[in-house]
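# Geometric and topological summary
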Amino acid sequence: MITVRRPSFEQYFKRIFRDTKQNLRKLIMATKQQIGLNANQKETINVQKSSIFLVALNLFHRFFCLCVRFVLIKVHGEHGPSMPPIDDLLLLESATSIAEKIRTKKITSTQVLNTFIKRINKINPLLNCVVDERFDDALQEAAKVDELIASDQYTAEQLREQKPFLGVPISTKDCIAVKDMLNTGGLWLRRDTRGTEDADAIRLIREAGAIPFALTNVSEVCMWWESSNPVHGRTRNPYDTNRIVGGSSGGEGCILGAAGSPFGIGSDIGGSIRMPAFFNGVFGHKPSPFIVSNKGQFPFPTSKEQLSFLGIGPMSRFACDLKPMLKIIAGNNADQLNLDVPVNLSSLKYYYQENDGGSYFVSPIDYDLRVIMDKVIRHLQIAFKAKPQRVKLSKLKDSTTIWLANMKDENEIGFDAQLANLNGRINPYLEMFKWLFGVSKHTFIAIMTAITDRMGVKYGTPEYHLKVKERDDLRHEFEEMLGTNGVLIYPTHPTVAPYHNEPIVKAFNFSYTGIINVLGLPSTAVPLGLGTKEGLPIGLQIIANRNQDRLCLAVASELERAFGGWVAPKIIA
């Protein structure tokens, strides 16, 4: 386990003071440079003034976030209630290992189901990660699996080939349809909606023998990175219940981090797999575009562009589960990924970037994450004689604005329409008034998102086309750099899991993952142990070129071997 020391509040204030002095010097220099300039340089002067203004706002924002953090610590306390201990070694097994033991008769599917059901019953009152279950039906299906295996109708090798996850329970989020289970997406208008059929990914994983047994919490309409909604409430982090689990696959990340499910399926349009994986210390993979079917996902993308950004993908505590899961849920498209082609880690080209280049209103990278990045780079140098190349992709600084603009829909279906379940539109200003009096059926952040969505860049405008061009230019830059044999090591998020509600003042921190969606690249979130004195997970994401998912997964497996991967939540007396 990696343990590093975090900067104190005093050190953080000193850093802000240092930055302020540096930017004041820039202001003085810019003022001096304006003396004697001619009219043709007016535009340059205006750009300088705008930059200085933004720097000042950035410093204010950082100071404000620090004050909010101080208040939240006072409100929530240093650490929330502790997790129940893991009392069964089965909970520490990968889905792949469990499947092998079931088909070779070392354990039964019923035994596995009961073990994980018992675990959920212990953790869910504290974490609120599971919002619906089918335990009785799942146990009946497990009993049939046990009968099939006991009959010796198939050999273990045949079962391994035909149904690689036979008898293994699987969880998924409340926006990926499972027949007869809730399918609300955290939206009050859908609070009684249930799946009429399985989503394609669920159907395929069922055909591989897995047994859906639990449904997990999401953010409202899956468009925020804290999983809290008016239907099911808030989910809490297993490593510190005062912290968030991320979103929108937050409940899924939580149940996996707490050892409440062997593996799960999430979806990701701006980081909704990778942020929860990061905050809860597990693995999560966003596949290349159009590899895994999005059918059965709510909300369903309303444009082809959005459809290319959204990816349904595997989540697990163990890297070994990701490739077989991806191969299954990709269906006939799996051949495009060449997942069985070996990856020579010694011949890969490694690139890394420690941050986004200093985007305004995005938090600076935590000290712990800078430390683990250095350790990963050193490991690659020593283990594979690699020469990782530090890069500076300057356009990453505009990740937030690029993502927001490229999410715009030519059909003009905005977030206000999604909050009305595509039956008209809500009035977000009226809903905000109602929220002030506690009578709105929407969360504050969902209402604010609808308001800002209305105020943002409009589809088809010059500003929109500028951001599309910036996306295309950055995509070309990535493609040229990565080729078919390169990976980029990049932070998944600039900070460890924030306190509840803290994302409201750090809204743009999702940009580290969101930009990868609009670029159409695969990415794997890799846990790298517990790196803070609070015992919170840290990690990085591994990014490859389109349809080179196997490179991400291979590097993820190596880093798990070197750094330990998932670590069980500490029990604090």
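Structure first, text after, so check above.
What comes next concerns the included structure. Please read these numbers as outputs of a predicted model, since none were measured by experiment.

Here is what the cut-offs are and how they apply
- Residues numbered from 1 in each chain as written.
- Predicted model: local features only at pLDDT ≥ 70, side-chain atom pairs only at ≥ 80, totals over all residues.
- Heavy atoms only, no water.
- Helix = DSSP H or I, 4+ residues; strand = E, 2+ residues; numbered from the N terminus.
- Salt bridge = Lys/Arg side-chain N within 4 Å of Asp/Glu carboxyl O.
- Buried < 20%, exposed > 50% of the residue type's maximum accessible area, 1.4 Å probe, protein only.
- Patch = residues over 30% accessible without salt bridge, like charges linked within 9 Å, V, L, I, M, F, W, Y side chains within 5 Å.
- Areas by Shrake-Rupley, 256 points an atom, 1.4 Å probe, with all protein chains shown as cover.
- Axes fitted to C-alpha atoms, helices over the stretch in contact; angles between N-to-C directions.
- Parallel < 35°, antiparallel > 145°, perpendicular 65-115°, else oblique.
- Left-handed = near helix turned anticlockwise from the far one by under 90°.
- Contact = heavy atoms within 4.5 Å.
- Nonpolar A, V, L, I, M, F, W, Y, C, P; charged D, E, K, R; others polar.

## Points about unusual backbone geometry
Between glycine 247 and serine 248 the backbone carries a cis peptide bond, its omega angle lying at 5°. Relative to the elements of secondary structure, serine 248 occurs in the loop between β5 (233-234) and α8 (250-257). Residues phenylalanine 298 and proline 299 are joined by a peptide bond in cis, for which omega reads -5°. In the Ramachandran plot, aspartate 180 falls in the positive-phi region, its phi being about 75° despite a non-glycine side chain.

## Points about the pattern of salt bridges
Overall, the coordinates contain 31 salt bridges when judged by the stated rule. In this structure, the salt-bridge partner of arginine 471 is aspartate 472, at a minimum N-O distance of 2.9 Å. Aspartate 472 sits in the partly exposed class, given a relative accessible area of 33%. Through salt bridges with shared partners, one network takes in Glu100, Arg103, Glu157 and Arg160.

## Considering a nonpolar patch on the surface
A surface patch of nonpolar side chains, amounting to about 660 Å² of accessible area, comprises Leu430, Phe433, Trp435, Leu436, Phe437 and Val439. Its place among the elements puts leucine 436 in helix α15 (residues 428-436). A relative accessible area of 60% places leucine 436 in the exposed class.

## Comments concerning the packing of helix α13 (residues 399-406) against helix α18 (residues 511-519)
Close contact between α13 and α18 brings their axes to 9 Å; oriented N to C, the two are set at 50°. Taken together, the axis directions place α13 and α18 in an arrangement best described as oblique. By crossing handedness, the relation of α13 to α18 is classed as left-handed. Where α13 abuts α18, its residues Ser399, Thr400, Ile402, Trp403 and Asn406 lie against Ser511, Gly514, Ile515 and Val518. When grouped by side-chain class, the residues that make up the contact of α13 with α18 number four nonpolar, five polar and no charged.

## So, the environment of phenylalanine 279
Note that phenylalanine 279 resides in helix α9 (residues 274-279). Given a relative accessible area of 1%, phenylalanine 279 falls into the buried group. Taking the C-alpha atoms as reference points, phenylalanine 279 and proline 527, 248 residues apart in sequence, are found 8.9 Å from one another. Apart from the residues within four sequence positions on either side, phenylalanine 279 is in contact with Trp225, Asn237, Ile244, Val245, Gly246, His493, Thr495, Val496, Ala497, Pro498 and Pro537.

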